[in-house]
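Remarks on the overall topology
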Amino acid sequence: MNSLITSDISTSADKQLTNPWKGAEAIHFYLLCQRQLYQKDYNRAMKTAMRLIEYEKELQTKDVYSLVALACYFNECYKDCSKAFVKLERLPDVTEKEREAYELLAINLFSRHPPIDKQKKEFNCPKKDCKARITEYDINCRECGSHFSPCIASGQSILAKEYNTCKTCKHKALESELLYLKLKHCPLCHGKISIGEPTAQSAPGATQPAKKRAI
């Protein structure tokens, strides 16, 4: 595994090897989202669920959007929940019985809760010269196309300037989340982590140099 990560495999005939961590990431975020739901940490669960959309090839699409719908519903983001139901209803491999069940459930839910999202926190896109506004649940900027790396500890997009990078698997984690969760090992590869005292988080889009630590 280490040799695959450190070597240049961009010309490999087997494209599945271009990111050997992809499957591990998918399962990690899938389990993390469910754990956050059971802990009733619905805000974090929705952020992780939105991240799962990147892993439709590694996970079942139905499983992904079922979690998205569930997390959005409990987080009171009913518009995003409605979009997830539309995706589920239009899946080509669902049976007619399943499609009817989705439609009936959607009617029951959205007759009580109009498909309107609660207010979301917004930030400036951290990419220089991009003036777009993004929400706390976005994984990409719709204007400039920037992709926001995931925090391996919490599932949320890394928009702050301070984060740690695991020496073993090279995945990033917000220092605030590592401290909040009291983690002593990387959540993905279980390599030992070492972080300093809590430091102030930089605001998204700040101009000061990024401070990075190694796990």
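Details of the structure are given in the entry above.
Residues numbered from 1 in each chain as written. Predicted model: local features only at pLDDT ≥ 70, side-chain atom pairs only at ≥ 80, totals over all residues. Heavy atoms only, no water.

**Examining the overall build of the protein chain**
Along the protein chain, the regular secondary structure elements total 7 helices and 5 strands. For the protein chain, the sequential pattern of α-helices and β-strands runs α-α-α-α-α-α-β-β-β-β-α-β. The buried share of the protein chain, taken over its 215 residues, is 41%. The long-range fraction of contacts in the protein chain, counting pairs at least 24 apart against all pairs at least 6 apart in sequence, stands at 47%. A total of about 12800 Å² of accessible surface is found on the protein chain, and carbon and sulfur atoms cover 51% of it. (Helix = DSSP H or I, 4+ residues; strand = E, 2+ residues; numbered from the N terminus. Buried < 20%, exposed > 50% of the residue type's maximum accessible area, 1.4 Å probe, protein only. Contact = heavy atoms within 4.5 Å. Areas by Shrake-Rupley, 256 points an atom, 1.4 Å probe, with all protein chains shown as cover.)

**What about the packing of aromatic side chains?**
Across all of its chains, the model carries 5 aromatic pairs by this definition. When the centroid spacing of 5.4 Å and the interplanar angle of 75° are considered together, the rings of Tyr73 and Phe74 count as edge-to-face. Exposure remark for Phe74: the relative accessible area of 38% places this residue in the partly exposed category. Where Phe85 meets Phe110, the ring centres are 5.9 Å apart and the plane angle is 90°; that geometry is what we call edge-to-face. In this pair, Phe85 sits in helix H5 (residues 78-89) while Phe110 sits in helix H6 (residues 96-112), placing the two residues 25 residues apart along the sequence. Each member of the pair, Phe85 together with Phe110, is buried. Among the aromatic residues, ring-to-ring pairing joins Tyr42, Tyr73, Phe74 and Tyr78 into one connected group. (Phe/Tyr/Trp six-rings, centres within 6.5 Å; stacked < 30°, edge-to-face > 60°.)

**Quick look at the nonpolar core**
Most often, soluble globular proteins have nonpolar side chains that are buried together. With 47 residues, the main nonpolar core has Met46, Leu52, Val68, Cys72, Phe85 and Phe110 as its most contacted residues. Of all the elements in the fold, those that place two or more residues in this core are helix H2 (22-38), helix H3 (42-52), helix H4 (61-74), H5, H6 and strand E4 (172-174). Element by element, the count of residues in this core is highest for H4, at 7 residues. With residues up to four places along the chain from it excluded, the contact list for Val68 reads Ala49, Met50, Ile53 and Ala84. In terms of nonpolar packing, the next biggest core, distinct from the first, is built from 7 residues, Cys125, Cys130, Ala132 and Phe148 among them. (Core = buried A, V, L, I, M, F, W, Y, C linked by side-chain atoms within 4.5 Å.)

**Section: unusual backbone geometry**
The residue Lys40 is not glycine, and still its phi comes out positive at about 65°. Take Lys40: it is sitting in the loop between H2 and H3. In this structure Lys40 comes out as exposed when scored by relative accessible area, which is 62%. In the Ramachandran plot, His190 falls in the positive-phi region, its phi being about 70° despite a non-glycine side chain. Topologically, His190 is positioned in the loop between helix H7 (175-181) and strand E5 (212-214).

**Let's talk about the side chain of Glu25**
For Glu25, the position within the fold is in helix H2. For the buried Glu25, no salt bridge is present, and the opposite-charge side chain at shortest range is Lys22, 4.9 Å distant. Other than its neighbours up to four places away in sequence, Glu25 contacts Asn19, Tyr55, His171 and Leu188. (Lys, Arg positive; Asp, Glu negative; His and termini not counted. Salt bridge = Lys/Arg side-chain N within 4 Å of Asp/Glu carboxyl O.)

**Points about the pattern of salt bridges**
For the structure shown, the criterion picks out 10 salt bridges. The partner of Lys120 in a salt bridge is Asp117, and the shortest N-O contact between them spans 3.1 Å. When the shortest N-O distance is used, the salt bridge between Glu122 and Arg133 registers 3.7 Å. Here Glu122 is found in strand E1 (residues 122-124), whereas its partner Arg133 is found in strand E2 (residues 133-135), with 11 residues between them in sequence. Note on Glu122: relative accessible area 44%, which makes it partly exposed. Given a relative accessible area of 47%, Arg133 falls into the partly exposed group. Each of the salt bridges in this network shares a partner with another, and the network as a whole consists of Asp41, Arg44 and Glu177.

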